[in-house]
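# Overview (structure and organization)
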Amino acid sequence: EVPEISVDLVGPIVLWTGPTDHPRVHLRGAMKHEHLSDFAATCCCMVAPFPRTQLVLGVDPVKLYEYVNWGRPIVCLLYPEVERFGYFVEFYETSEELVRVISRMCSEGFGRKYTDEQRTVFLTENTWDVRGNQIRQKVRDLVVGTNN
């Protein structure tokens, strides 16, 4: 519905149920993780079109951390687990709203919503070391009975 753009889909093709012959939809298939950053640098924006399923609703969206790391504009379905990414993500709730968001971003030049400083702070606060320390502290608190 947005003729100015083409869509590159990266991931297992066996999961794709849409058209395979559209001239602006390119099925890239699974890509080695070490190549994703270089590929992302060629993209105007990253879209995380998660389906609203029970599994998705309960999972921390690792893909969004990667998108922030790559410094690209981001679009994602809005659901409770991703609300904390509000500084970084343009949200949508319906397919019509997705078209509006992409059309607006296209006409505005695909600027990202966040600054380099916000990106750096977010990534620093969300390393595996920081997460591991938070988990260890929570376990310590539970063991000694301070259930915060």
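This is a predicted model, so every value here is computed, not measured.

## With respect to the packing of aromatic side chains
The full count for this structure, using the stated rule, is six aromatic pairs. Taking the centre distance of 5.2 Å and the plane angle of 85 degrees together, the rings of tyrosine 65 and phenylalanine 85 count as edge-to-face. Taken as a pair, tyrosine 65 in helix H3 (residues 62-70) and phenylalanine 85 in the loop between strand E4 (74-77) and strand E5 (89-92) lie far apart in primary sequence, 20 residues in all. A single burial state applies to tyrosine 65 and to phenylalanine 85, both of which are buried. Ring plane angle 35 degrees and centroid distance 5.8 Å describe the contact between tyrosine 67 and tryptophan 70, whose orientation is recorded as tilted. Residue tyrosine 67 and its partner tryptophan 70 are both found in helix H3; the two are separated by three residues, about one turn of the helix. The buried category is assigned to tyrosine 67, whose relative accessible area is 8%. Among the aromatic residues, ring-to-ring pairing joins Tyr65, Phe85, Phe88, Tyr114 and Phe122 into one connected group.

## Comments concerning the nonpolar core
Leu64, Ile74 and Cys76 are the most contacted members of the largest nonpolar core, which has 33 residues in total. Of all elements in the fold, only helix H1 (33-40), strand E3 (46-48), H3, E4, E5 and helix H4 (95-108) reach the threshold of two or more residues within this core. The greatest single-element share of this core, amounting to five residues, is contributed by H3.

## Some words on the confidence of the model for the chain
Chain-level statistics for the chain give a pLDDT mean of 89 and a share of 97% at 70 or above. The least confident element of the chain, judged by mean pLDDT, is helix H2 (residues 54-57) at 84; the most confident is E5 at 96.

## So, the pattern of salt bridges
Pairs can form between side chains of opposite charge whenever their charged atoms are close. Taken as a whole, this structure holds seven salt bridges when the rule is applied. One salt bridge connects arginine 131 with aspartate 60, and the closest N-O pair in it is separated by 3.1 Å. Here arginine 131 is found in helix H6 (residues 128-144), whereas its partner aspartate 60 is found in the loop between H2 and H3, with 71 residues between them in sequence. Linking arginine 84 and glutamate 81 is a salt bridge whose minimum nitrogen-to-oxygen distance equals 2.8 Å.

## Overview of the state of the cysteines
The full count for this structure, using the stated rule, is zero disulfides. Its sulfur unpaired, cysteine 45 is 7.6 Å from the next cysteine sulfur, which belongs to cysteine 44. Exposure remark for cysteine 45: the relative accessible area of 15% places this residue in the buried category. You can see cysteine 76 has no disulfide; the closest cysteine sulfur is in cysteine 45, sitting 11 Å from it. Note on cysteine 76: relative accessible area 0%, which makes it buried.

What counts as what
- Residues numbered from 1 in each chain as written.
- Predicted model: local features only at pLDDT ≥ 70, side-chain atom pairs only at ≥ 80, totals over all residues.
- Heavy atoms only, no water.
- Phe/Tyr/Trp six-rings, centres within 6.5 Å; stacked < 30°, edge-to-face > 60°.
- Helix = DSSP H or I, 4+ residues; strand = E, 2+ residues; numbered from the N terminus.
- Buried < 20%, exposed > 50% of the residue type's maximum accessible area, 1.4 Å probe, protein only.
- Core = buried A, V, L, I, M, F, W, Y, C linked by side-chain atoms within 4.5 Å.
- pLDDT = per-residue confidence, 0-100.
- Salt bridge = Lys/Arg side-chain N within 4 Å of Asp/Glu carboxyl O.
- Disulfide = S-S within 2.5 Å.

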